[in-house]
Amino acid sequence: MTVFVAFFFVCTYSDDGRSSGCGKVYALELCKKRKLGDDQGGAISIAWEREIDGKLKGSPALFCITEERGGTQTDEARFGILVGGYDGKLRYFDAISGENIACLDDLGGAIHATPAIFERTDGAKCALVASSTWTGRLSCIHLQHGTMTKLWHIDVWTPIYASPLIYVKEHEKQRKTCVAMFGAVDGAVRCVDLDDGTGSEVWKTSIGSSKPIFSG
């Protein structure tokens, strides 16, 4: 579950007879007429909902993008959420209206992990999305005001079920290094570079027989 101002974003899934199941995304809004804790209930109302062909097992990831026009930033901001599904698709919704902005489906298979939002050292807003199929694909997505584009992906050949951890290390003279660390079903923890444009592996270590890793 993700919280934004007075909105709560929640993903659900059900087995409805379809092979991939059925999922829904809800934006729940705090009702201004009531207070949390009222015995009468009704403190939360549904602002919008969207049905998806596929189970949703991760949390929605919230982000904010300021639009650029002519190479300069404007004051117009878009609040969006990313939702990954069992059908292998990543969906980008407008957080306020629920409008379906964009969708990507070339991400390696079923997505159980919550997308990880980060900002590259060049200022670009991006997301890391992990797939839980046997290829264990990690994809880097560039998020923009009205679209999203896949920049690169790597296959680690083992399923990834948990969201990656983004770590930004500051160096002297304000130079920064951005990396991601994540565990996988094979019991290994990996660190990849998010600044080189390819996701190259910085290091890899194993925790031995205590596997698989499903937690973030």
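Quick summary incoming for the structure in this document. Treat the numbers as computed from the prediction; the structure is a model and nothing was measured.

**Thoughts on the sheet that holds strand β15 (residues 188-193)**
Here is step 1 of the chain: Pairing within the open sheet is antiparallel, and its four strands lie in the order β13-β14-β15-β16. In this open sheet, the two edge strands, each paired with only one partner strand, are β13 (165-170) and β16 (201-206). For this sheet, the mean inter-axis angle between neighbouring strands, taken without regard to orientation, is 20°.
Here is step 2 of the chain: In this sheet, strand β14 (residues 176-183) lies alongside β13 in antiparallel orientation, the contact comprising six bridges. The partner of valine 168 across the bridge, within β14, is cysteine 178.

**Comments concerning the sheet that holds strand β10 (residues 125-130)**
Here is step 1 of the chain: One open sheet accounts for four strands, arranged β9-β10-β11-β12; its pairing is antiparallel. If you trace the sheet from one side to the other, it starts and ends with β9 (116-119) and β12 (148-155), each paired once. Geometrically, the sheet is characterised by an average inter-axis angle of 25° between neighbouring strands, direction not taken into account.
Here is step 2 of the chain: Relative to β12, strand β11 (residues 137-143) runs antiparallel, the two sharing seven bridges. Bridge pairing links serine 139 to histidine 153 in β12.

**Notes on the pattern of salt bridges**
Here is step 1 of the chain: Under the definition given, this model contains eight salt bridges.
Here is step 2 of the chain: Between aspartate 106 and arginine 137 there is a salt bridge; the shortest N-O distance is 3.8 Å. Note that aspartate 106 is positioned in the loop between β8 (100-104) and β9 and arginine 137 in strand β11, a separation of 31 residues in sequence.
Here is step 3 of the chain: For the salt bridge of arginine 190 with glutamate 201, the shortest nitrogen-to-oxygen distance reads 3.9 Å. Here arginine 190 is found in strand β15, whereas its partner glutamate 201 is found in strand β16, with 11 residues between them in sequence.
Here is step 4 of the chain: Owing to a relative accessible area of 3%, arginine 190 belongs among the buried residues under this scheme.
Here is step 5 of the chain: A residue is classified by how much of its surface remains accessible, and glutamate 201, at 47% relative accessible area, is partly exposed.
Here is step 6 of the chain: Put simply, Asp106, Arg137, Lys150 and Asp155 are held in one network by salt bridges that share partners.

What counts as what
- Residues numbered from 1 in each chain as written.
- Predicted model: local features only at pLDDT ≥ 70, side-chain atom pairs only at ≥ 80, totals over all residues.
- Heavy atoms only, no water.
- Pairing = 2+ DSSP bridges.
- Helix = DSSP H or I, 4+ residues; strand = E, 2+ residues; numbered from the N terminus.
- Axes fitted to C-alpha atoms, helices over the stretch in contact; angles between N-to-C directions.
- Salt bridge = Lys/Arg side-chain N within 4 Å of Asp/Glu carboxyl O.
- Buried < 20%, exposed > 50% of the residue type's maximum accessible area, 1.4 Å probe, protein only.

By themselves, these observations are geometric and do not establish any function.
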